[in-house]
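Summary of structural features
Below, each chain spelled out in residue letters.
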Amino acid sequence: QVQLVESGGGLVQAGGSLRVSCAASGRTFSVYGMAWFRQAPGKEREFVAAIHWIGGSTYYADSVKGRFTISRDNAKNTVYLQMNSLKPEDTAVYYCAASTASGIYRYTRETTYDYWGQGTQVTVSS
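Below is a summary of the structure that appears in this document.

About the criteria used
- Residues numbered from 1 in each chain as written.
- Predicted model: local features only at pLDDT ≥ 70, side-chain atom pairs only at ≥ 80, totals over all residues.
- Heavy atoms only, no water.
- Helix = DSSP H or I, 4+ residues; strand = E, 2+ residues; numbered from the N terminus.
- Rg over C-alpha atoms; globule rule 2.2 N^0.38 Å.
- Buried < 20%, exposed > 50% of the residue type's maximum accessible area, 1.4 Å probe, protein only.
- Disulfide = S-S within 2.5 Å.

1. Some details on the overall build of the chain
Along the chain, the regular secondary structure elements total 0 helices and 11 strands. Listed by position from the N terminus, the elements making up the chain come as β-β-β-β-β-β-β-β-β-β-β. A compact globule built from 126 residues should have a C-alpha radius of gyration of about 14 Å, and the chain, at 14 Å, falls within 12% of that. Based on the C-alpha atoms only, the size of the chain along its principal axes is roughly 40 × 25 × 25 Å. The buried share of the chain, taken over its 126 residues, is 44%.

Written out as structure tokens, the structure reads:
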């Protein structure tokens, strides 16, 4: 089992920055990749960013490319999402997810991920 706990959400004005964190515990040695997804009110959950836990390769949704940065601290078993130039449309609950499946990393698919955090609210005011 892997447990994921997000933190760092909050309220920020448009154009501002925020960093959310996801701390992993338990069988973290089995984690192959981690990602952030988000779900806005009335919308389906969508992929935001992902990172290979070992190699560090990163992937982003087009909507956040150039504004968001995903990173990880292996020693702390923590993944971060730095969000800059925030827009009101970035308002959502942000979820951290972890995958223990090796092979081709289909990072945009929710079914790739075995474990999910409880989510943290990010609200961007205009």
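2. A word on the state of the cysteines
What the rule picks out here adds up to 1 disulfide. Paired by a disulfide, Cys-22 and Cys-96 hold their sulfur atoms 2.1 Å apart. The S-S bond linking Cys-22 to Cys-96 shows a torsion near -80°; that makes this disulfide left-handed. Of this pair, Cys-22 sits in strand S3 (residues 18-26) while Cys-96 sits in strand S9 (residues 92-99), and the two are 74 residues apart along the sequence. A relative accessible area of 0% places Cys-96 in the buried class.

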